[in-house]
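# Tertiary structure, described
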Amino acid sequence: MSDVRDFLSLYFVMGSVDCKKDPLDVLDEAIQGGITIFQFREKGKGALTGLEKYRLAEKLFERCRLHHIPFIVNDDVDLALSLEADGVHVGQEDEAAKRVRDKIGNKILGVSVHNLKEAQAALADGADYLGLGPIFPTKSKEDAKAACGIEMIQYLRENKIDAPLVAIGGITEQTAADVIRAGADGIAVISEICHADHITEKTKRLYAHVIHAKHQN
Ligand code: 3NM
């Protein structure tokens, strides 16, 4: 697989709870718009569990595979392994990154971080990329920490964190370019895509903002 950094430009994160319509349609439209990687994050009030969660993951994975979009599973190593997904993403409160690395071999490992110390630890534990957030306030994560602002992206870059890094939390079409200019390799979004009236068009615009800003860096 090529450098993870190449896939991070437009990272779509979603579970059934985030969708106002069939998650398969949401994903299809986002794929048409140009997402570059997908994370199945079935979390929050009303989230599917057990077989229902597995079945949805299987269908979403199939869609991603058809379009060569890497499929990452949030915080469920067993699900990722049984589907043979491309990777796993864990937060600070989830299973320890080092243990996950041991279980998943050379699959992609992403770790959510909120500051320099967590970023250094995640990389020492074997993370392939960092998810830094929340950059702005978000309504999509119940236990989200305080927003760190784009300054935290710059701070990590100034402190030798050169690893692939995707920014998350409250990122919109209006702020996408600023986030990239601050040093992120990509943006990760839930609501900006899930809640858009026209998902494909919204996704295309987000992608264009990211790519344009990347070329300026
Ligand atoms: N993780 P939206 S913020 C899943 O800070 C997630 O680690 C975060 O959703 C973190 O794009 C977040 O709707 C929610 O703000 C992102």
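For the protein chain, an unreviewed UniProt entry supplies the name Thiamine-phosphate synthase and the organism Thermolongibacillus altinsuensis. A UniProt comment under Function (unreviewed entry) is attached to the protein chain, and it reads "Condenses 4-methyl-5-(beta-hydroxyethyl)thiazole monophosphate (THZ-P) and 2-methyl-4-amino-5-hydroxymethyl pyrimidine pyrophosphate (HMP-PP) to form thiamine monophosphate (TMP)." Database annotation for the protein chain, UniProt heading Pathway (unreviewed entry): "Cofactor biosynthesis; thiamine diphosphate biosynthesis; thiamine phosphate from 4-amino-2-methyl-5-diphosphomethylpyrimidine and 4-methyl-5-(2-phosphoethyl)-thiazole: step 1/1."

### Regarding the state of the cysteines
Taken as a whole, this structure holds 0 disulfides when the rule is applied. Lacking any disulfide linkage, Cys194 is separated from the closest cysteine sulfur, that of Cys19, by 4.3 Å.

### Observations concerning the pattern of salt bridges
Considering all chains together, one arrives at 19 salt bridges under this definition. Put simply, Asp125 and Lys98 hold a salt bridge, and the shortest N to O gap is 3.8 Å. In this pair, Asp125 is assigned in the loop between α6 (116-124) and β6 (129-132) and Lys98 in helix α5 (residues 97-104), connecting sequence segments 27 residues apart. Its relative accessible area of 23% is what places Asp125 among the partly exposed residues. Residue classification places Lys98 among the exposed residues on the basis of a relative accessible area of 52%. Through salt bridges with shared partners, a single network forms among Asp3, Arg5, Arg157 and Asp185.

### Topic: the nonpolar core
In this structure, Phe12, Ile35, Phe38, Phe71 and Ile187 are the most contacted members of the largest nonpolar core, which totals 74 residues. When near neighbours in sequence (up to four residues on either side) are disregarded, Phe38 contacts Tyr11, Phe12, Met14, Leu27, Leu60, Cys64, Ile69, Pro70, Phe71 and Ile72.

### Things to note about the packing of aromatic side chains
Two measures describe an aromatic ring pair: the distance that separates the ring centres and the angle between the ring planes. On inspection of all chains with the given rule, the structure shows 5 aromatic pairs. With centroids separated by 5.8 Å and ring planes inclined at 45 degrees, the aromatic side chains of Phe38 and Phe71 adopt a geometry described as tilted. One end of the pair, Phe38, is in strand β2 (residues 37-40); the other, Phe71, is in strand β3 (residues 71-74), and 33 residues separate them in sequence. Both residues of the pair, Phe38 and Phe71, count as buried. One aromatic cluster is present, formed by Phe12, Phe38, Phe40, Phe61 and Phe71 through successive ring pairs. Cation over ring: Arg65 sits above Phe61, and NZ or CZ is 4.5 Å from the ring centre.

Quick notes on the rules
Residues numbered from 1 in each chain as written. Predicted model: local features only at pLDDT ≥ 70, side-chain atom pairs only at ≥ 80, totals over all residues. Heavy atoms only, no water. UniProt positions renumbered as here; feature names shortened; annotations may be inferred. Disulfide = S-S within 2.5 Å. Salt bridge = Lys/Arg side-chain N within 4 Å of Asp/Glu carboxyl O. Helix = DSSP H or I, 4+ residues; strand = E, 2+ residues; numbered from the N terminus. Buried < 20%, exposed > 50% of the residue type's maximum accessible area, 1.4 Å probe, protein only. Core = buried A, V, L, I, M, F, W, Y, C linked by side-chain atoms within 4.5 Å. Contact = heavy atoms within 4.5 Å. Phe/Tyr/Trp six-rings, centres within 6.5 Å; stacked < 30°, edge-to-face > 60°. Lys NZ or Arg CZ within 6 Å of the ring centre and 35° of its normal.

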